[in-house]
Amino acid sequence: MSFLGLGGGASNASSSSMGSINPQRIDVAVAELEMITDIFNRVVSSCHTKCINQRYAEGDLNKGESVCIDRCVAKFFEVNKKVGERMQQMGGAAAAAPGGQTTFGL
């Protein structure tokens, strides 16, 4: 199955839109790629600043830098996950509240 609706196979053979590109799927794919690229760039920038010395003495990471980067990336994604879960909870509360409004208790 192709995300953009271009893949072959029996499921697409019976489709009336065979060979056509769905612009909505392309927009979703582009937005997802931009989001992933942004997250990657923020992780690299944040963890590089925190863990890597400005003066490069070696071509490879030393053990301390490597451990720091591992921990930094893990923390970044853990916090990102927690923030996403919290935003979903707040969004669900906003949708359930009368009039769709709620106060955000951070």
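Since the model is a prediction, treat every value here as computed from it, not as a measurement.

*Asks:* Sorry if this is basic, but what is going on with the packing of aromatic side chains here?
*Replies:* The geometry of an aromatic ring pair is captured by the separation of the ring centres together with the interplanar angle, meaning the angle of the planes. Counting across every chain of the model gives 1 aromatic pair. Residues Phe76 and Phe77 carry aromatic rings whose centres are separated by 5.8 Å and whose planes lie at 80 degrees to one another, so their mutual orientation is edge-to-face. A relative accessible area of 42% places Phe77 in the partly exposed class.

*Asks:* Teacher, can you tell me more about a nonpolar patch on the surface here?
*Replies:* A cluster of nonpolar side chains, contributed by Val79, Val83 and Met87, occupies part of the molecular surface with about 280 Å² of accessible area. With respect to the helices and strands, Val79 occurs in helix H3 (residues 63–96).

*Asks:* Any chance you could explain H3 here in plain terms?
*Replies:* Since there are 3.6 residues in each turn of an α-helix, residues three or four apart along the chain are aligned in direction. Over its 34 residues, H3 runs 50 Å from end to end, which matches the ideal 50 Å to within 8%, given 1.5 Å per residue. Along H3, the residues classified as buried are Glu65, Cys72, Phe76, Met90 and Ala94. Each element contacted by the buried residues of H3 is listed here: helix H2 (23–51). The N-capping residue of H3, defined by a side-chain oxygen 3.1 Å from the backbone nitrogen of Gly64, is Asn62.

*Asks:* Can you help me understand the nonpolar core in this one?
*Replies:* Generally speaking, soluble globular proteins have nonpolar side chains that are buried together. Membership of the largest hydrophobic core is limited to 7 residues, which are Ile39, Val43, Cys47, Cys51, Ile52, Cys72 and Phe76. Looking at this core, the elements that each hand over two or more residues are H2 and H3. Per element, the largest residue contribution to this core is 4 residues, and it comes from H2. Not counting chain neighbours up to four residues away, the residues in contact with Cys51 comprise Glu65, Cys68, Ile69 and Cys72.

*Asks:* Looking at this structure, how should I read H2?
*Replies:* With 29 residues, H2 should reach 42 Å at 1.5 Å per residue; the first-to-last C-alpha distance of 41 Å fits that figure. For H2, the set of buried residues is Ile39, Val43, Cys47 and Cys51. Of the surrounding secondary structure, the elements contacted by the buried residues of H2 are H3. Its side-chain oxygen placed 3.0 Å from the backbone nitrogen of Gln24, Asn22 serves as the N-cap of H2.

Conventions adopted
Residues numbered from 1 in each chain as written. Predicted model: local features only at pLDDT ≥ 70, side-chain atom pairs only at ≥ 80, totals over all residues. Heavy atoms only, no water. Phe/Tyr/Trp six-rings, centres within 6.5 Å; stacked < 30°, edge-to-face > 60°. Buried < 20%, exposed > 50% of the residue type's maximum accessible area, 1.4 Å probe, protein only. Patch = residues over 30% accessible without salt bridge, like charges linked within 9 Å, V, L, I, M, F, W, Y side chains within 5 Å. Areas by Shrake-Rupley, 256 points an atom, 1.4 Å probe, with all protein chains shown as cover. Salt bridge = Lys/Arg side-chain N within 4 Å of Asp/Glu carboxyl O. Helix = DSSP H or I, 4+ residues; strand = E, 2+ residues; numbered from the N terminus. Expected span 1.5 Å × (residues − 1). Contact = heavy atoms within 4.5 Å. Polar contact = N/O pair within 3.5 Å; in protein donor to acceptor, adjacent residues only side chain to side chain. Core = buried A, V, L, I, M, F, W, Y, C linked by side-chain atoms within 4.5 Å.

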